[in-house]
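Here is how the chains run, residue by residue.
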Amino acid sequence: MIDFSQALQDKIDLITQNWIEAVRAEEQIQTAKQLTYDSVCDSLPIVLQAMVTMLSQSEDSDTGTVIEESLQHGTVRAKQGYDAQEIAREYRLLRRVIFDALEPELVKGSGAEVSRAYRLIDSAIDEAIADCFQTYTQARFQELQELHNQLQLTNQELTRLVRASQENLSHLAHELKTPLTSIIGYSELFLRQRNSSPIRDSVPNLAHIDKVLSNGRRLLRLINDTLEISRYDAGRIKLQLTATNVRSAIGTVVEIIEPLAKEKNLEIVVECTPLLDQVMTDYLRLQQIITNLTSNAIRYTEAGTITIKTELLSDEQWSLCISDTGIGIASEDCDRIFQPYFRADNSLGAYIPESTGLGLAIVARLVNLLQGKIELVSEVGVGSSFTVIFPLELDGVEIQE
Ligand code: ADP
């Protein structure tokens, strides 16, 4: 007689390892690629241990643990940014990895033993999927609710903006239309399906929520960036100067942004002079400039290196240069890319979801506010270099204590 419970117990480590490798190798589970081994693993060994008990002839079943851990797993995956399809794929891989590992025992077992093992493992995985999706959906709904609240608040500010200024308005309306239509369309579809179908929270339903969320987030970013520009244009941004260590400001940005570069196998090289450790500048605005330029460098580079370099140029000036080995910018576009909503017709061709055409318009305004100037050198197919030259002392700006 084959003891499937013991066989599974002996193979918990092997199954866990094989599953994590399979998840990380799966092209259609992109989110897992940014996670550590432990984060992908989450509570799998505990769930497998509970399956061992379920398979055992002598002990009471342990569905309670599967339920508890899977409920928690759903919240964890939502926080990690998984979409519903990715979760479904993970469970499909788990089923395969478990049965592959147990194959030597399965071929030896009697018909009744094999069918019992299949039935119990399948039902444990089905239970896990259902519970995981339950909390995953709750987390998504909560996020949807928060997004909705934020959109309402920004909508009020947008209304004020519309009253205050007509400039850029047709552009803005055009830009808002696509994500907004998508949000409305998918929410309606989702609500219709939820009301009419007895099968709730299925993968396609959750995929629709994911679309609503990603479009909602894009819309929010678009509106917030527009508001930022309008605040600047209305002269409402006040600088807060403090003695800043430029190298550590760059370090903080790189730490946040590096996973995006890693995803594309790009290297970020930082070459900072130690001389700029007490520069009078607005820390947050400087970080915003570095963030926008570096995330563009990553977005528009397919292979190679992003370099962030600072230099002390003289007693009066210092420079920040962010260069990439990316697609480059055609000379006729070099001035226009600093205009709001302008996006070059580039070789990446595909629609870039994060693109709003506002990042450089914000950079140009912030550089101006910090009394600097920005220069661009670029060659199509070779790369781009954005150099910002700042004064060491700003005229007529109060220093914060
Ligand atoms: P976004 O990147 O959100 O579209 P930006 O204002 O930051 O908006 O950039 C405007 C346009 O300038 C981009 O759409 C892109 O065509 C071009 N661009 C910006 N940075 C780079 C870069 N490092 N390499 C190539 N093209 C760039």
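Residues numbered from 1 in each chain as written. Predicted model: local features only at pLDDT ≥ 70, side-chain atom pairs only at ≥ 80, totals over all residues. Heavy atoms only, no water.

Another point: the overall build of the protein. Per the secondary structure count, the protein includes 13 helices and seven strands. Among the 401 residues that make up the protein, the fraction classed as buried is 46%. Counted over contacts in the protein with a minimum sequence separation of 6, partners at least 24 positions apart contribute 75%. Carbon and sulfur atoms make up 50% of the accessible area of the protein, which amounts to about 20,900 Å² in all. (Helix = DSSP H or I, 4+ residues; strand = E, 2+ residues; numbered from the N terminus. Buried < 20%, exposed > 50% of the residue type's maximum accessible area, 1.4 Å probe, protein only. Contact = heavy atoms within 4.5 Å. Areas by Shrake-Rupley, 256 points an atom, 1.4 Å probe, with all protein chains shown as cover.)

A few words on the environment of I268. Here I268 shows up in strand β2 (residues 267-271). Considered as a pair, I268 and I308 are 40 residues apart in the sequence and their alpha carbons are 7.6 Å apart. The residues touching I268, leaving out its near neighbours within four places in the chain, are V254, I257, E258, A261, I298, I306 and I308.

What follows concerns the site of the ligand. Near the ligand you find 21 residues, and of these N296, R299, Y300, S355 and T356 are the closest. With respect to the ligand, the backbone of G359 contributes an N or O atom lying 3.2 Å from an oxygen atom. When isolated, the ligand has an accessible area of 530 Å², and the protein chains bury 98% of it. Those elements that provide at least two residues to the shell around the ligand are α12 (283-299), α13 (359-369) and β7 (383-391). The leading source of residues in the shell around the ligand is α12, at three residues. Tallied by class, the residues present in the shell around the ligand amount to 10 nonpolar, eight polar and three charged. (Near = heavy atom within 4 Å. Polar contact = N/O pair within 3.5 Å; in protein donor to acceptor, adjacent residues only side chain to side chain. Nonpolar A, V, L, I, M, F, W, Y, C, P; charged D, E, K, R; others polar.)

Right, let's get into α12. For α12, spanning 17 residues, the distance from its first C-alpha to its last is 24 Å, which sits close to the expected 24 Å at 1.5 Å a residue. The buried fraction of α12 is high, at 13 of 17 residues. Two to three positions downstream of the cap, the backbone nitrogen of L284 sits 3.2 Å from a side-chain oxygen, assigning the N-cap of α12 to D282. (Expected span 1.5 Å × (residues − 1).)

Time to look at a negative patch on the surface. Where like charges cluster on the molecular surface, the negative patch consists of D315, E316, E393 and D395. Among the secondary structure elements, E393 is positioned in the segment after β7. Given the relative accessible area of 69%, E393 is considered exposed. (Patch = residues over 30% accessible without salt bridge, like charges linked within 9 Å, V, L, I, M, F, W, Y side chains within 5 Å. Salt bridge = Lys/Arg side-chain N within 4 Å of Asp/Glu carboxyl O. Lys, Arg positive; Asp, Glu negative; His and termini not counted. Charge placed at Lys NZ, Arg CZ, Asp CG, Glu CD.)

The subject of this paragraph is the side chain of E90. Inspection of the secondary structure assignment puts E90 in helix α6 (residues 84-101). Apart from the residues lying within four places of it in its own chain, the contact partners of E90 are W19, V23, I29, H73, R77 and Y82.

We now examine the packing of aromatic side chains. How two aromatic rings sit relative to each other is set out by the distance from centre to centre and by the angle between their planes. Scanning the model with the defined rule gives four aromatic pairs in all. Seen in terms of ring centroids, F338 and F386 are 6.3 Å apart; in terms of plane orientation they differ by 80°. Their pairing is edge-to-face. Residue F338 is found in the loop between β5 (317-324) and α13, and its partner F386 is found in strand β7; the two are separated by 48 residues along the sequence. When its relative accessible area of 7% is taken as the criterion, F386 is described as buried. The ring of Y82 has R77 sitting right over it, with the charged end atom 4.5 Å from the ring centre. (Phe/Tyr/Trp six-rings, centres within 6.5 Å; stacked < 30°, edge-to-face > 60°. Lys NZ or Arg CZ within 6 Å of the ring centre and 35° of its normal.)

Under the criterion given, the structure shown has nine salt bridges. When the shortest N-O distance is used, the salt bridge between D126 and R95 registers 3.1 Å. One end of the pair, D126, is in helix α8 (residues 111-164); the other, R95, is in helix α6, and 31 residues separate them in sequence. Notably, a salt bridge pairs D333 with R336, separated by 3.6 Å at the nearest N-O pair. A residue is classified by how much of its surface remains accessible, and D333, at 10% relative accessible area, is buried. Owing to a relative accessible area of 39%, R336 belongs among the partly exposed residues under this scheme. One network of salt bridges, in which partners are shared, links R95, D122 and D126.

A few words on the pairing of β7. With nine of nine residues buried, β7 lies mostly within the body of the structure. Here β7 shows two buried faces, one formed by G383, S385, T387, I389 and P391 and the other by S384, F386, V388 and F390. Inspection of the sheet shows strand β6 (residues 373-379) paired to β7 by seven bridges, in the antiparallel sense. If you follow S378 over to β7, its bridge partner there is S384. The antiparallel pairing of β6 with β7 creates a hairpin that spans three residues between the two strands, and G381 there sits at a positive phi of about 80°. (Pairing = 2+ DSSP bridges.)

Looking now at the sheet that holds β6. Ordered in space as β2-β4-β5-β7-β6, the five strands form an open sheet in which the pairing is mixed. The open sheet terminates on both sides in strands that have one partner only, identified here as β2 and β6. Ignoring strand direction, the axes of neighbouring strands in this sheet form an average angle of 10°. In terms of strand pairing, strand β4 (residues 305-312) meets β5 through seven bridges, oriented antiparallel. Bridge pairing links I306 to D324 in β5. Where α12 meets the sheet, its contacts fall on β2, β4, β5 and β7, and the angle it forms with β5 comes to roughly 25°. (Axes fitted to C-alpha atoms, helices over the stretch in contact; angles between N-to-C directions.)

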